[in-house]
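Structural characterization, general
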Amino acid sequence: MDEGRPGVAATLRALNGALGRPAALWVKESGARNLRHRDFLAPRAALSAAFPGGQVPPEAVSAVPSLRGPAVLPLRVCRQTPAGLAVQVRRPEAFQRLLGPLPDPASPAAGARTGCVVLHCPALRSPAALRPRHLRSVLVADHLAQLLRVQGVSVCLVPALSEERSWDVLRQLRIYWPSGSRGSSLTDAVSALKAALGRCPCAATCEQGLGTAEGVICKVHLKSFVEQQGLLGYDPNLDVLLVTEGTLRSLAELQEAVLQCPVSDPIPPPTSHFPSQSNSCSIVHVVNCEEEFQLQQLDVLWRILDPGAHTALQKHLVCGPVKVTNPSSPIGADQYFQLRKHQMYEASVIKYGELAQDEAWTEVIDTLTVAAIRFELLSTSHRSQITLDLENNSISTKGTKSGAFVMYNCARLATLFNAFQQAVEQGTYPPLPPVSELNFSCLREEGEWLLLFNYLLPFPEVLQQAAQLPPSSKGIRITANTETVCKLLIQLSMDFSSYYNRVHILGEPFPHLFDQMFARLQLLGAVRDVFHSALATLHLPPLSQI
């Protein structure tokens, strides 16, 4: 039987099932010190709450090592310890099962229908120049779109970028947002919305012709509708909205996006998690906290004019403020990018000297700048405030929590495999054998298990969790784990760097050393795959040298 790729969730379910209790008793260890003694733990406090006197029946304990399942890790021993029940994994077998080719997360099961999400970023409608706070919400939406696509979810990005202005900063940051006009179809939709204003009960309170010189079509009283519908989570100061042609065009574009979703039923199954269920179209507005009020006005107006199931599924993903320390004047997104690029160039010259001044380094510095900005704005929870210190050079090639540090370690892996390939071509080493012929019992260094157990094992589940948009218990706000991938890459870079600095991978060309070298190369090849897959969700190409 094909046992499949092991996973953390499946192993935890099997461990909990073995103890015969509905509660989740087991936790996965991640710290290096604890992993020397155990891989999973059922803490003493949890056992005391689930069993009289905290005593687990001996037959349950003895049954744990024999657990089997399609995605369950091979378990070696389960024993009572002062900390609780401790389980260790049969590590050579775990290496064997995990170090085959990673399943492609971008290829969902054939025939799966995983729904559609409309991601709306109002910052891109702003007539003024983009500022860092706008850039944050755009980057969150762009990253979330990639994460959803990896899980097989169809994504529609709104609004389309106007062709009447420059979007150079988005192109420089590798933000691939649709552009162009929908022409007559959008004009027809605006006309239909105007007609709806005259038909619906709330529109009866509009004063037609008011303020036509300012482009106002009418005014709509939102507060009474919110109260009548019992809508939760809206600002109590919502009252009168002056509806303009631009307002209706914004709604028309959202409606067009919903109609283009490749699903047949906009209502999610009641037991599903929003919005990853099949046959559903959900609308997520990604907005900066300073513009949340205006978005709520648009949200309520859409509910009034189009009381369909899709408007009831609107959710708001609100980004916290972006504070810029001591700016001499308000800074735009373009200035922010150019400043960080200049700082990255200076840092590279300090570290690499004249090499960094070569024209060939232009693309490298551009990529490092994009990585620096994306990690600066995405590695913090979207709800939290970000402080940008633009006076001091907080972007460097040395900081272990920067995007440049992640890219540097990705490049180190590329250099390692290039060196190995060159040595193979020169006849120094034989080619890497098939996985089935490798001896993973050679991998006994604690850093090797750390890389496998904390990164390779949970990586597909980390991507899945990062794409989840759970429903809020009430109201319109939702949260997303948009910082997860950046944090994983930062921690992976730190642990890989520690291991790589400590362990010599390409050793002397003696046959008795090849087994260990080949096993380590297979492990680091899988680590490289994790880097590449995670960076792809950030639109960051891996660097081959740095």
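Residues numbered from 1 in each chain as written. Predicted model: local features only at pLDDT ≥ 70, side-chain atom pairs only at ≥ 80, totals over all residues. Heavy atoms only, no water.

1. Points about the overall build of the protein chain
Secondary structure summary: the protein chain contains 19 helices and 13 strands in total. Burial status across the protein chain gives 51% buried among its 546 residues. At a minimum sequence separation of 6, the contacts of the protein chain that also span at least 24 residues come to 76%. For the protein chain, the accessible surface area stands at approximately 24300 Å², while carbon and sulfur atoms represent 52% of it. (Helix = DSSP H or I, 4+ residues; strand = E, 2+ residues; numbered from the N terminus. Buried < 20%, exposed > 50% of the residue type's maximum accessible area, 1.4 Å probe, protein only. Contact = heavy atoms within 4.5 Å. Areas by Shrake-Rupley, 256 points an atom, 1.4 Å probe, with all protein chains shown as cover.)

2. What about the confidence of the model for the protein chain?
It should be kept in mind that the predicted coordinates are not to be read in detail where pLDDT is low. Chain-level pLDDT for the protein chain is 87 on average; 87% of the residues reach the 70-or-more range. Mean pLDDT across the elements of the protein chain bottoms out in helix 12 (residues 309-312) (79) and peaks in helix 16 (residues 446-456) (98). Counting interchain partners and residues more than four positions distant, the pLDDT-below-50 stretch residues 105-113 has 10 contacts. The low-confidence segment residues 264-279 (pLDDT under 50) makes 42 contacts with residues lying over four places distant or belonging to another chain. (pLDDT = per-residue confidence, 0-100.)

3. Brief notes about the side chain of R38
Checked against the element boundaries, R38 lands in the loop between helix 2 (32-35) and strand 2 (40-43). Of the polar contacts made by the side chain of R38, one reaches the side chain of E29; its length is 2.6 Å. (Polar contact = N/O pair within 3.5 Å; in protein donor to acceptor, adjacent residues only side chain to side chain.)

4. Re helix 6 (residues 132-150)
In this model, helix 6 (19 residues) spans 27 Å end to end at C-alpha, consistent with the 27 Å of a helix rising 1.5 Å per residue. Taken across its 19 residues, helix 6 has 17 buried, putting it largely inside the fold. One or two positions beyond helix 6, positive phi appears at G152, with a value near 85°. (Expected span 1.5 Å × (residues − 1).)

5. Here we look at the packing of aromatic side chains
Where two aromatic rings form a pair, the distance of their centres and the angle of their planes describe that pair. Applying the stated criterion across every chain yields a total of 10 aromatic pairs. Each ring, one from W449 and one from F453, has its centre 5.1 Å from the other, and the planes form 20°; the classification is stacked. Taken together, the positions of W449 and F453, both in helix 16 and 4 residues apart, correspond to about one turn of that helix. Overall, W449 belongs to the buried group, its relative accessible area being 4%. Among the residues examined, F453 registers a relative accessible area of 0% and is labelled buried. Aromatic rings pair up to connect F40, F95, F440, W449 and F453 into one cluster. The lysine or arginine in question, R528, covers the ring of F417, its NZ or CZ lying 4.2 Å from the ring centre. (Phe/Tyr/Trp six-rings, centres within 6.5 Å; stacked < 30°, edge-to-face > 60°. Lys NZ or Arg CZ within 6 Å of the ring centre and 35° of its normal.)

6. A closer look at the sheet that holds strand 13 (residues 477-478)
Pairing within the open sheet is parallel, and its 5 strands lie in the order 6-5-9-10-13. Edge positions in the sheet fall to strand 6 (154-158) and strand 13, since each has one partner strand and no second. Bridge count for strand 5 (residues 116-120) against strand 9 (residues 281-288) is 5 bridges, and the pairing is parallel. Paired with V117 across the two strands is S282, which belongs to strand 9. Each of strand 5, strand 6 and strand 9 touches helix 10 (residues 245-260); the most contacted strand, strand 6, lies at about 165° to it. On the sheet, helix 11 (residues 292-305) packs against strand 5, strand 9, strand 10 (314-319) and strand 13 and is oriented at approximately 175° with respect to strand 10. (Pairing = 2+ DSSP bridges. Axes fitted to C-alpha atoms, helices over the stretch in contact; angles between N-to-C directions.)

7. Topic: the packing of helix 9 (residues 222-229) against helix 11
Interhelical geometry of helix 9 versus helix 11 gives an angle of 70° and a closest axis separation of 10 Å. It follows that helix 9 is roughly perpendicular to helix 11 by the angle criterion. Between helix 9 and helix 11 the crossing geometry is left-handed. Packed against helix 9, whose contacting residues are L222, F225 and V226, the element helix 11 presents Q297, V300, L301, R303 and I304 at the interface. (Parallel < 35°, antiparallel > 145°, perpendicular 65-115°, else oblique. Left-handed = near helix turned anticlockwise from the far one by under 90°.)

8. Here's the deal with the pairing of strand 6
Within strand 6, 4 of the 5 residues are buried, which leaves the element mostly enclosed by the surrounding structure. Here strand 5 pairs with strand 6 via 5 bridges, running parallel. Bridge assignment links L119 to a residue of strand 6, and that residue is L157. The handedness of the strand 5 to strand 6 crossover, carried by helix 6, is right-handed. (Right-handed = clockwise from strand over helix to strand, strands pointing away.)

9. Section: the nonpolar core
W26, L119, L170, L317 and L524 are the most contacted members of the largest nonpolar core, which totals 138 residues. The dominant element in this core, judged by the number of residues it contributes, is helix 19 (residues 511-536), at 13 residues. Beyond its immediate sequence surroundings of up to four residues, W26 is in contact with L12, L15, N16, L19, F40, L41, A42, C78, L85 and V87. Among the nonpolar cores identified, the runner-up in size contains 37 residues, and C202, L248, L301 and L305 belong to it. (Core = buried A, V, L, I, M, F, W, Y, C linked by side-chain atoms within 4.5 Å.)

10. What about the pattern of salt bridges?
With the rule as written, the count across this model stands at 16 salt bridges. Taking the shortest distance from any N to any O, the salt bridge between E29 and R38 comes out at 2.6 Å. R38 matches E29 in its accessibility class, with the two residues each being buried. Notably, a salt bridge pairs E445 with R502, separated by 2.8 Å at the nearest N-O pair. Pair noted here: E445 is in the loop between helix 15 (403-425) and helix 16 and R502 is in helix 18 (residues 484-502), with a separation of 57 residues, a long-range link. For R502, a relative accessible area of 44% puts it in the partly exposed group. One network of salt bridges, in which partners are shared, links R133, E290 and E291. (Salt bridge = Lys/Arg side-chain N within 4 Å of Asp/Glu carboxyl O.)

11. Here we look at the sheet that holds strand 1 (residues 27-28)
Remark on secondary structure: sheet strands pair via backbone hydrogen bonds, oriented parallel or antiparallel. Across the sheet, which stays open at both edges, the 4 strands sit in the order 1-2-4-3 with antiparallel pairing between neighbours. If you trace the sheet from one side to the other, it starts and ends with strand 1 and strand 3 (75-81), each paired once. As defined by bridge partners, strand 1 adjoins strand 2 across 2 bridges and the pair is classed as antiparallel. What sits directly across from K28, in strand 2, is F40.

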